[in-house]
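What follows is each chain in one-letter form.
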Amino acid sequence: QRSNLAHYSEQTDNAYWCKTGLSVTANQTTSPDGTLSADNLQRTSARSSFVSKAFAKTASVAQNFTLSVFVKKGDSRYATLSLQGNYPDRAYLQYDFEQGAINASIDFQDFTILSTKAENYNNGWVRLSLALSTDAHSSVTVLISPKNDVVTAALSDSSDSCFMYVWGIQL
(Lines give C-alpha, C1' and ligand atoms only; values in the text may rest on other atoms or scores of the structure.)
Protein backbone atom coordinates (compact mmCIF):
# COMPACT_ATOMS: atom_id res chain seq x y z
CA GLN A 1 0.00 0.00 0.00
CA ARG A 2 1.25 3.48 -0.88
CA SER A 3 0.19 6.87 0.36
CA ASN A 4 1.57 10.39 0.18
CA LEU A 5 3.10 11.23 3.55
CA ALA A 6 3.51 14.88 2.53
CA HIS A 7 0.47 16.94 3.42
CA TYR A 8 0.03 20.38 1.85
CA SER A 9 2.04 19.00 -1.08
CA GLU A 10 0.95 21.89 -3.29
CA GLN A 11 1.21 24.58 -0.61
CA THR A 12 4.82 25.02 0.48
CA ASP A 13 3.84 28.42 1.91
CA ASN A 14 1.84 26.55 4.59
CA ALA A 15 3.34 26.50 8.12
CA TYR A 16 3.48 22.69 7.80
CA TRP A 17 6.67 23.17 5.73
CA CYS A 18 9.72 24.64 7.50
CA LYS A 19 11.54 27.41 5.63
CA THR A 20 15.25 28.00 6.22
CA GLY A 21 17.07 30.78 4.37
CA LEU A 22 14.35 31.21 1.77
CA SER A 23 10.93 32.70 1.26
CA VAL A 24 7.92 31.07 -0.36
CA THR A 25 5.38 33.01 -2.39
CA ALA A 26 2.22 31.06 -3.17
CA ASN A 27 0.44 30.73 -6.50
CA GLN A 28 3.06 32.41 -8.71
CA THR A 29 2.76 30.39 -11.92
CA THR A 30 0.57 27.80 -13.59
CA SER A 31 1.15 24.30 -12.19
CA PRO A 32 1.18 21.05 -14.19
CA ASP A 33 -2.55 20.62 -13.53
CA GLY A 34 -3.30 23.93 -15.28
CA THR A 35 -4.21 25.97 -12.19
CA LEU A 36 -2.39 29.02 -10.80
CA SER A 37 -1.09 27.10 -7.78
CA ALA A 38 2.70 26.62 -8.09
CA ASP A 39 4.89 28.30 -5.47
CA ASN A 40 8.06 30.35 -5.87
CA LEU A 41 11.00 29.26 -3.66
CA GLN A 42 13.38 32.26 -3.38
CA ARG A 43 16.75 32.00 -1.62
CA THR A 44 17.36 34.75 0.91
CA SER A 45 20.71 33.41 2.14
CA ALA A 46 23.85 31.90 0.65
CA ARG A 47 23.94 29.56 3.64
CA SER A 48 21.81 26.43 3.70
CA SER A 49 18.47 27.42 2.18
CA PHE A 50 15.60 25.00 1.81
CA VAL A 51 12.00 24.10 2.48
CA SER A 52 11.84 20.97 4.65
CA LYS A 53 9.69 18.54 6.58
CA ALA A 54 10.63 15.60 8.84
CA PHE A 55 8.59 12.39 8.64
CA ALA A 56 8.59 9.63 11.28
CA LYS A 57 9.53 6.10 10.27
CA THR A 58 10.32 2.75 11.85
CA ALA A 59 13.64 3.44 13.59
CA SER A 60 15.09 -0.04 13.79
CA VAL A 61 15.14 -0.82 10.07
CA ALA A 62 16.12 0.76 6.80
CA GLN A 63 13.08 1.60 4.70
CA ASN A 64 12.53 2.48 1.06
CA PHE A 65 11.14 5.91 0.18
CA THR A 66 10.54 7.76 -3.05
CA LEU A 67 10.55 11.55 -3.07
CA SER A 68 9.09 13.28 -6.11
CA VAL A 69 8.36 16.91 -6.85
CA PHE A 70 7.53 19.01 -9.87
CA VAL A 71 10.07 21.81 -10.44
CA LYS A 72 10.25 24.62 -12.98
CA LYS A 73 13.20 26.86 -13.73
CA GLY A 74 13.12 30.39 -12.40
CA ASP A 75 16.58 31.94 -12.48
CA SER A 76 18.30 29.10 -10.58
CA ARG A 77 20.56 26.72 -12.50
CA TYR A 78 19.78 23.69 -10.33
CA ALA A 79 17.01 22.12 -8.27
CA THR A 80 18.31 20.08 -5.34
CA LEU A 81 16.28 17.43 -3.50
CA SER A 82 17.62 15.72 -0.42
CA LEU A 83 16.41 13.04 1.98
CA GLN A 84 18.22 13.02 5.31
CA GLY A 85 18.12 10.52 8.15
CA ASN A 86 20.46 10.59 11.13
CA TYR A 87 22.71 13.59 10.32
CA PRO A 88 24.88 13.51 8.27
CA ASP A 89 23.38 10.46 6.49
CA ARG A 90 21.58 11.72 3.39
CA ALA A 91 21.10 11.36 -0.34
CA TYR A 92 20.92 14.14 -2.94
CA LEU A 93 19.50 14.58 -6.39
CA GLN A 94 20.59 17.73 -8.21
CA TYR A 95 18.87 18.55 -11.50
CA ASP A 96 20.55 20.87 -14.00
CA PHE A 97 17.81 22.90 -15.71
CA GLU A 98 20.13 23.94 -18.56
CA GLN A 99 21.56 20.50 -19.38
CA GLY A 100 18.55 18.42 -18.38
CA ALA A 101 20.90 16.17 -16.40
CA ILE A 102 20.77 14.57 -12.94
CA ASN A 103 23.67 14.28 -10.52
CA ALA A 104 22.94 12.06 -7.51
CA SER A 105 25.14 11.28 -4.50
CA ILE A 106 25.09 10.15 -0.89
CA ASP A 107 26.85 11.38 2.24
CA PHE A 108 28.09 8.38 4.21
CA GLN A 109 27.14 4.78 3.56
CA ASP A 110 23.83 4.39 5.36
CA PHE A 111 21.71 5.49 2.38
CA THR A 112 21.43 3.65 -0.92
CA ILE A 113 20.09 5.36 -4.03
CA LEU A 114 17.78 2.94 -5.84
CA SER A 115 16.83 5.17 -8.78
CA THR A 116 16.58 8.75 -10.03
CA LYS A 117 14.38 10.15 -12.77
CA ALA A 118 13.58 13.44 -14.51
CA GLU A 119 10.37 13.48 -16.59
CA ASN A 120 9.55 16.47 -18.79
CA TYR A 121 6.00 17.79 -18.61
CA ASN A 122 4.29 20.76 -20.25
CA ASN A 123 5.29 24.44 -19.86
CA GLY A 124 8.83 23.72 -18.63
CA TRP A 125 7.82 21.51 -15.70
CA VAL A 126 10.03 18.56 -14.76
CA ARG A 127 9.01 15.84 -12.31
CA LEU A 128 12.06 14.75 -10.32
CA SER A 129 12.11 11.44 -8.43
CA LEU A 130 14.64 10.07 -5.96
CA ALA A 131 14.09 6.51 -4.67
CA LEU A 132 16.31 5.23 -1.89
CA SER A 133 16.80 2.97 1.08
CA THR A 134 17.31 4.91 4.33
CA ASP A 135 19.36 4.42 7.46
CA ALA A 136 17.80 3.01 10.64
CA HIS A 137 17.03 6.45 12.10
CA SER A 138 13.55 7.28 13.45
CA SER A 139 12.80 9.92 10.81
CA VAL A 140 13.57 11.00 7.28
CA THR A 141 13.64 14.69 6.36
CA VAL A 142 12.78 16.09 2.94
CA LEU A 143 14.78 19.17 1.85
CA ILE A 144 14.19 21.10 -1.41
CA SER A 145 16.38 23.96 -2.58
CA PRO A 146 17.01 26.20 -5.61
CA LYS A 147 20.76 26.52 -6.32
CA ASN A 148 23.26 28.03 -8.72
CA ASP A 149 26.29 26.03 -7.49
CA VAL A 150 26.93 22.49 -8.68
CA VAL A 151 27.86 21.27 -5.21
CA THR A 152 25.42 18.50 -4.27
CA ALA A 153 26.92 17.78 -0.86
CA ALA A 154 25.55 20.99 0.68
CA LEU A 155 22.46 23.14 0.43
CA SER A 156 24.55 26.31 0.67
CA ASP A 157 25.18 28.34 -2.49
CA SER A 158 27.18 31.32 -3.72
CA SER A 159 23.88 32.97 -4.69
CA ASP A 160 21.60 34.40 -2.05
CA SER A 161 18.76 35.24 -4.40
CA CYS A 162 18.06 32.53 -7.00
CA PHE A 163 14.59 30.99 -7.27
CA MET A 164 12.57 28.16 -8.81
CA TYR A 165 8.97 27.00 -8.80
CA VAL A 166 7.67 23.86 -7.04
CA TRP A 167 4.43 21.93 -6.92
CA GLY A 168 3.14 18.48 -5.98
CA ILE A 169 5.62 17.12 -3.42
CA GLN A 170 5.18 13.42 -2.73
CA LEU A 171 6.96 11.10 -0.30
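Draft legend 1. Looking closely at the pairing of strand E2 (residues 22-30). When E2 meets strand E3 (residues 36-43), the two strands line up antiparallel, connected through six bridges. Among the inter-strand pairings, Thr-30 is bridged to a residue of E3, identified as Leu-36. Between E2 and E3, which pair antiparallel one after the other, the connecting turn spans five residues, and Gly-34 there sits at a positive phi close to 90°.

Draft legend 2. Here's a closer look at the pattern of salt bridges. Counted according to the given criterion, the structure contains three salt bridges. Of the charged contacts in the structure, one is a salt bridge between Asp-96 and Arg-77, with a shortest N-O distance of 2.8 Å. Of this pair, Asp-96 sits in strand E7 (residues 90-96) while Arg-77 is found in the loop between strand E5 (64-73) and strand E6 (78-84), placing the two residues 19 residues apart along the sequence. Looking at Asp-96, the relative accessible area reads 8%, which means it is buried. With its nearest N and O atoms 3.0 Å apart, the salt bridge here joins Arg-90 to Asp-107. Taken together, the residues span a long stretch of sequence, with Arg-90 in strand E7 and Asp-107 in strand E8 (residues 101-107) at a distance of 17 residues. By relative accessible area, which is 13% here, Arg-90 ends up buried. Owing to a relative accessible area of 14%, Asp-107 belongs among the buried residues under this scheme. Each member of the salt-bridge network shares a partner with another, and the members are Arg-77, Asp-96 and Glu-98.

Draft legend 3. Layout of the pairing of strand E4 (residues 50-56). As paired strands, strand E1 (residues 18-20) and E4 are joined by three bridges and run antiparallel to one another. Pairing of Lys-19 across the sheet is with Val-51, part of E4. With six bridges joining them, E4 and strand E11 (residues 139-147) adopt antiparallel strand pairing. Considered in E11, the bridge of Val-51 is made with Ile-144.

Draft legend 4. Representation of the sheet that holds E6. Spatially, the six strands line up as an open sheet ordered E1-E4-E11-E6-E7-E8, and their pairing is antiparallel. In the strand order of this sheet, the two ends are held by E1 and E8, each with one partner. Averaged over all adjacent pairs, the angle separating strand axes in this sheet is 20°, with direction ignored. Note that E6 and E11 share seven bridges and pair antiparallel. Looking at E11, one finds that Gln-84 is bridged to Thr-141.

Draft legend 5. Looking closely at the nonpolar core. One finds Val-71, Leu-83 and Ile-144 to be the most contacted residues of the largest nonpolar core, which totals 31 residues. Secondary structure elements with two or more residues in this core: E2, E4, E5, E6, E7, strand E10 (125-133), E11 and strand E12 (163-170). Ignoring anything within four residues of it in the chain, the contact list for Ile-144 reads Leu-22, Leu-41, Ser-49, Phe-50, Val-51, Val-69, Thr-80, Leu-81, Met-164, Val-166 and Ile-169. Ranked by size, the runner-up nonpolar core spans six residues in total, among them Ala-38, Phe-70, Trp-125 and Tyr-165.

Draft legend 6. Inspection of the sheet that holds E5 at higher detail. Taken together, six strands build an open sheet; the order of strands is E2-E3-E12-E5-E10-E9 and the sheet is antiparallel. Only two strands of the sheet have a single partner each, and these edge strands are E2 and strand E9 (112-120). Strand-to-strand twist in this sheet, taken as the mean axis angle between neighbours without regard to direction, amounts to 30°. Pairing geometry for E3 and E12, over four bridges, is antiparallel.

The rules behind the values
Residues numbered from 1 in each chain as written. Predicted model: local features only at pLDDT ≥ 70, side-chain atom pairs only at ≥ 80, totals over all residues. Heavy atoms only, no water. Pairing = 2+ DSSP bridges. Helix = DSSP H or I, 4+ residues; strand = E, 2+ residues; numbered from the N terminus. Salt bridge = Lys/Arg side-chain N within 4 Å of Asp/Glu carboxyl O. Buried < 20%, exposed > 50% of the residue type's maximum accessible area, 1.4 Å probe, protein only. Axes fitted to C-alpha atoms, helices over the stretch in contact; angles between N-to-C directions. Core = buried A, V, L, I, M, F, W, Y, C linked by side-chain atoms within 4.5 Å. Contact = heavy atoms within 4.5 Å.

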